[in-house]
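Listed here are the chains, written in short residue letters.
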Amino acid sequence: MTVYGNFPGSRPRRLRTTPTMRRMVAETRLDPANLILPAFVREGITAPVAISAMPGVQQHTLDTLRKAAVDAVSAGVSGIMLFGVPADEKKDARGTSGTDPDGILQVGLRAVREEVGDDLVVMSDLCLDEYTDHGHCGVLTADGRVDNDATLERYAEMAQVQADAGAHVVGPSGMMDGQVGVIRDALDRTGHEDVSILAYTVKYSSAFYGPFREAVGSSLKGDRKTYQQDPANSRESLRELALDLDEGADMVMVKPAGPYLDILAKVADSVDVPVAAYQISGEYAMIEAAAEKGWIDRDAAIMESLTGIRRAGAQMILTYWATEVGERLRRS
């Protein structure tokens, strides 16, 4: 090839020549403070229980949950999102153990706050699905439909008991219309004005939730397509966003993260509140399974997936690798 003059005049590769150069000009930086650890605490166990579909993740006892919280603090992780796994015999149609002050999630919240205080932002999943014998995120009508407004009453009760137990942040994940406003009102009326709401604003009905069902011992039969969003739709995400902000959401979330980076970017470009994304169980399981087969570089794939979520606009990322990645970032 004959080169004329200084062709090519622009050489972007100059800024990729060394690791130090690439680090210096990186547009997106991942920090431990961006990470939130989802964790499961299970009632009635004396040792942690491995989750087969999520290698390395377990259902915690109260003692191992305390340790997981301490480890997250040491890794520089900002938050922990707790999910309760009640005993099967305590599940009922209204999910009453979810609003029992001595229910497993409330006990777990108190344990973590006692252990780490304010060194970790303690978050609670605010939903009924773990506690109902039918596995849906709300109470049902006589013909088996999820009753939106009756469910809101239950969410108001849940918000109060979770705040009483020490949650800094509640995360309503049930996708009921009006849930943020009802929860905000319930918190304010009960003296919990400082408790924040991380709204699950965009939550799609996704095939990637599969391993999570094992993690929480779900009793679900059927699906949640009448209240979670249709993966084919984009514009309704912005409608949900506007409603949640109007109702008082302090932070908003997109879930799942990886398959919906386009939605995450739209949300991040539209708001002036912090934006989170949840790298869910199926996303985790795919990388772990492919790495176990030797098909991909596990550590590189983890970091690339998280960087992509951060690049799309998430300030906070819920990921089961939070502590591991936080430790790695602190060493680098």
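Novice: Can you help me understand the overall build of the protein in this one?
Specialist: For the protein, the helix and strand inventory stands at eleven helices and ten strands. Computed over its C-alpha atoms, the radius of gyration of the protein comes to 21 Å, within 12% of the 20 Å expected for a compact globule of 332 residues. Overall, the C-alpha framework of the protein stretches about 80 × 45 × 40 Å when taken along its three principal axes. Here the protein, with 332 residues, has 51% of them falling under the buried criterion. Contacts spanning at least 24 positions in sequence make up 74% of the contacts within the protein whose residues lie at least 6 apart. Total accessible area on the protein is roughly 15300 Å²; 49% of this is exposed by carbon and sulfur atoms. In the protein, the 35 positive side-chain charges and the 49 negative ones have mean positions that sit 9 Å from each other.

Novice: Whenever I open this one, the side chain of Glu130 confuses me. Can you help?
Specialist: Mapped onto the elements of the fold, Glu130 is located in the loop between β5 (121–126) and α4 (148–164). Discounting chain neighbours no more than four positions away, the residues touching Glu130 are Phe83, Gly84, Pro86, Lys91, Asp125 and Val216.

Novice: Looking at this structure, I do not really get the layout of surface pockets. What am I missing?
Specialist: Take a probe with the size of a water molecule and roll it over the atoms, and the empty space left behind shows itself. What the largest pocket holds in volume is close to 470 Å³. What lines the largest pocket is a set of 14 residues, and nearest its centre among them are Arg22, Arg23, Ala26, Thr28 and Arg29. When residues in the lining of the largest pocket are grouped by element, the largest group, four residues, is from helix α1 (residues 19–25). Each residue belonging to the lining of the largest pocket can be placed in one class, and the counts come to six nonpolar, three polar and five charged. There is about 360 Å³ of room inside the second largest pocket. If you go around the second largest pocket, you meet 20 residues; those closest to its centre are Leu37, Gly56, His60, Tyr320 and Thr323. Among the secondary structure elements, those contributing two or more residues to the lining of the second largest pocket are β1 (35–42), β3 (58–60), α2 (62–74), α9 (281–292) and α11 (322–331).

Novice: What exactly am I supposed to notice about α4 here?
Specialist: Note on helix geometry: an α-helix contains 3.6 residues per turn, so any two residues three or four positions apart are oriented the same way. Over its 17 residues, α4 extends 25 Å from the first C-alpha to the last, a length consistent with the 24 Å expected when each residue adds 1.5 Å. Lining the buried residues of α4 we find α3 (104–116), β5, β6 (169–172) and α5 (179–189). Capping of α4 at its N-terminal end is provided by Asp147; its side-chain oxygen lies 3.3 Å from the backbone amide nitrogen of Asp149. Looking one or two places after α4, you find Gly166, whose phi comes out positive at around 115 degrees.

Novice: Honestly, the pattern of salt bridges in this entry has me stumped. Any pointers?
Specialist: Pairing of side chains with opposite charge becomes possible as their charged atoms draw close. Taken as a whole and assessed by the stated rule, the structure comprises 17 salt bridges. The partner of Arg189 in a salt bridge is Asp185, and the shortest N-O contact between them spans 2.8 Å. Of this pair, Arg189 and Asp185 both sit in helix α5, separated by four residues, roughly a single helical turn. By relative accessible area, which is 58% here, Arg189 ends up exposed. Judged by relative accessible area, which is 40%, Asp185 ranks as partly exposed. Within the structure, one salt-bridge network assembled from shared partners comprises Glu288, Arg298, Asp299, Glu324 and Arg328.

Novice: Please explain empty space enclosed by the protein as it appears in this structure.
Specialist: Under the defined criterion, the tally for this structure stands at one cavity of 30 Å³ or more. Its volume calculated, the largest cavity comes out at about 90 Å³. For the lining of the largest cavity, a count of residues per class yields four nonpolar, two polar and six charged.

Novice: Please clarify how unusual backbone geometry should be interpreted in this entry.
Specialist: Residues other than glycine predominantly adopt negative phi, and peptide bonds predominantly adopt the trans conformation. Looking along the chain, the bond that leaves Lys255 and enters Pro256 is cis, with omega of -5 degrees. Along the chain, Pro256 turns up in the loop between β8 (251–255) and α8 (261–270). In the Ramachandran plot, Met175 falls in the positive-phi region, its phi being about 60 degrees despite a non-glycine side chain. Topologically, Met175 is positioned in the loop between β6 and α5.

Novice: Could you clarify how one ought to interpret the nonpolar core in this entry?
Specialist: Soluble globular proteins tend to pack their nonpolar side chains together in the buried interior. Membership of the largest hydrophobic core comes to 95 residues, with the highest contact counts inside it found for Phe40, Ile80, Tyr155, Tyr278 and Val325. It is β1 that provides the largest number of residues to this core, a total of six residues. Apart from residues lying up to four places away in sequence, Tyr278 is in contact with Pro38, Phe83, Tyr200, Phe212, Met253, Val254, Lys255, Pro256, Ala257, Glu283, Leu318 and Tyr320.

Rules and cut-offs
Residues numbered from 1 in each chain as written. Predicted model: local features only at pLDDT ≥ 70, side-chain atom pairs only at ≥ 80, totals over all residues. Heavy atoms only, no water. Helix = DSSP H or I, 4+ residues; strand = E, 2+ residues; numbered from the N terminus. Rg over C-alpha atoms; globule rule 2.2 N^0.38 Å. Buried < 20%, exposed > 50% of the residue type's maximum accessible area, 1.4 Å probe, protein only. Contact = heavy atoms within 4.5 Å. Areas by Shrake-Rupley, 256 points an atom, 1.4 Å probe, with all protein chains shown as cover. Lys, Arg positive; Asp, Glu negative; His and termini not counted. Charge placed at Lys NZ, Arg CZ, Asp CG, Glu CD. 1 Å grid on protein atoms, 1.4 Å probe; cavity = no way out; pocket = protein on both sides within 12 Å on 5 of 7 lines; lining within 4 Å. Points joined across faces, edges and corners; volume = space filled by probe spheres on them. Nonpolar A, V, L, I, M, F, W, Y, C, P; charged D, E, K, R; others polar. Expected span 1.5 Å × (residues − 1). Polar contact = N/O pair within 3.5 Å; in protein donor to acceptor, adjacent residues only side chain to side chain. Salt bridge = Lys/Arg side-chain N within 4 Å of Asp/Glu carboxyl O. Core = buried A, V, L, I, M, F, W, Y, C linked by side-chain atoms within 4.5 Å.

Scope: geometric values only; no functional claims are made or implied.
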